[in-house]
Amino acid sequence: MKIRSFWILLLTACCAVAQDAPRREVQWVRPGYYKEITPDRWKSRVEQMLAQDAANPPAKEGVLFAGSATIAGWDLKHYFPEYRTINRGIGGSMISETTYYADQLIVPLRPSTIVFYSGDNDTAYGMPTEMIADNFRAFVTKIHAALPDTQVVVLSIRPSIARLAVWDAVCAANDRLKAISAADQQLRFVDLNPLLLGSDGKPRGELLRADQHHLNQQGFDLVSPVVKRYIAEAEARYRRTRTRSSQ
């Protein structure tokens, strides 16, 4: 009887694990979820950022990082101490939401360079590639209209183990972001994925946190020097553009 009870307990535990697995996956990949999202879902987070700005106003014409959790989790003062950096990352956000709040969070600061990372939530939430491309164009259009001299460094949507199921969608979205950037002299697309993929073509787990999705310090250590070079180039273009505009 004891042996039989042991196997019953073991089988119950295995079933519980199996039942938990889909819930963990749903946390990161939610097909169709983009249709349920309302534009004001980050209202309280934006109000918090604006209150912080009122208490401690950020510098104008700084290097502004905008986008989702990869931006929010980046220690900008540590990795980019030579620049006046501003963090406008909101974890879980999509490209359209960065655009929606740009009038409040980006435009008033008149950044010289915007480092843009967003889109991995868009792909994980099942948004079609062309819709992602259209939303990115809308972001670029808004920035160009309000900030005609501002340069934009566009970072590739990165791989993760937790979202490996949508990797094809990520690659398709990156192709569209790259093509749009190539046609605009104020945009530069930075493909970081060769650094983040192993020789087997799979995401390098040692660069990710325990959640197998977000970059850990080793990941940020790896990509930050590359991004810094593109920021330096963007800042030089901004200065040249401003000089021509003042002549």
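Our structure's up above, just so we're on the same page.
All values derive from a computational prediction rather than experimental measurement. (Residues numbered from 1 in each chain as written. Predicted model: local features only at pLDDT ≥ 70, side-chain atom pairs only at ≥ 80, totals over all residues. Heavy atoms only, no water.)

## Looking at the overall build of the protein
Now for step 1: When helices and strands are counted, the protein shows eleven helices and five strands.
Now for step 2: Expressed as a percentage of the 247 residues in the protein, the buried residues total 46%.
Now for step 3: Taking the intrachain contacts of the protein between residues at least 6 apart in sequence as the baseline, contacts between residues at least 24 apart amount to 76%.
Now for step 4: Total accessible area computed for the protein in this model is approximately 12,800 Å², and 55% of it derives from carbon and sulfur atoms. (Helix = DSSP H or I, 4+ residues; strand = E, 2+ residues; numbered from the N terminus. Buried < 20%, exposed > 50% of the residue type's maximum accessible area, 1.4 Å probe, protein only. Contact = heavy atoms within 4.5 Å. Areas by Shrake-Rupley, 256 points an atom, 1.4 Å probe, with all protein chains shown as cover.)

## Quick notes on the layout of surface pockets
Empty space among the atoms can be located by rolling a probe the size of a water molecule over them.
Now for step 1: In this structure, the largest pocket spans a volume of roughly 410 Å³.
Now for step 2: As for the largest pocket, its lining consists of 19 residues, of which Pro58, Lys77, Thr85, Ile86 and Asn87 are closest to the centre.
Now for step 3: Every element with two or more residues in the lining of the largest pocket is listed here: helix 2 (43-55), helix 4 (76-79) and strand 2 (85-89).
Now for step 4: Of the residues assigned to the lining of the largest pocket, the class counts are ten nonpolar, four polar and five charged. (1 Å grid on protein atoms, 1.4 Å probe; cavity = no way out; pocket = protein on both sides within 12 Å on 5 of 7 lines; lining within 4 Å. Points joined across faces, edges and corners; volume = space filled by probe spheres on them. Nonpolar A, V, L, I, M, F, W, Y, C, P; charged D, E, K, R; others polar.)

## Some thoughts on the side chain of Gln151
Now for step 1: Its location among the elements puts Gln151 in strand 4 (residues 151-155).
Now for step 2: Residue class for Gln151 comes out buried when judged on its relative accessible area of 2%.
Now for step 3: Engagement of the side chain of Gln151 in a polar contact is seen with the backbone oxygen of Asp149, the distance being 3.1 Å.
Now for step 4: The contacts of Gln151, once residues within four sequence positions are left out, are Ser112, Thr113, Ile114, Gln185, Gln186, Ala234, Arg237, Tyr238 and Thr241. (Polar contact = N/O pair within 3.5 Å; in protein donor to acceptor, adjacent residues only side chain to side chain.)

## Some thoughts on unusual backbone geometry
Now for step 1: Although it is not a glycine, Arg110 sits at a positive phi angle of roughly 45 degrees.
Now for step 2: Backbone geometry places Gln212, a non-glycine residue, at a positive phi of 65 degrees.
Now for step 3: One can find Gln212 in the loop between helix 10 (193-196) and helix 11 (217-246).
Now for step 4: Judged by relative accessible area, which is 40%, Gln212 ranks as partly exposed.

## Observations regarding the packing of helix 8 (residues 129-146) against helix 9 (residues 167-182)
Now for step 1: Interhelical geometry of helix 8 versus helix 9 gives an angle of 35 degrees and a closest axis separation of 9 Å. Where helix 8 crosses over helix 9, the handedness of that crossing is right-handed. Across the interface between the two elements, Thr129, Glu130, Ile132, Ala133, Phe136 and Arg137 from helix 8 touch Ala172, Ala173, Arg176, Leu177, Ile180 and Ser181 from helix 9.
Now for step 2: Residues belonging to the contact of helix 8 with helix 9 are distributed by class as follows: seven nonpolar, two polar and three charged. (Axes fitted to C-alpha atoms, helices over the stretch in contact; angles between N-to-C directions. Left-handed = near helix turned anticlockwise from the far one by under 90°.)

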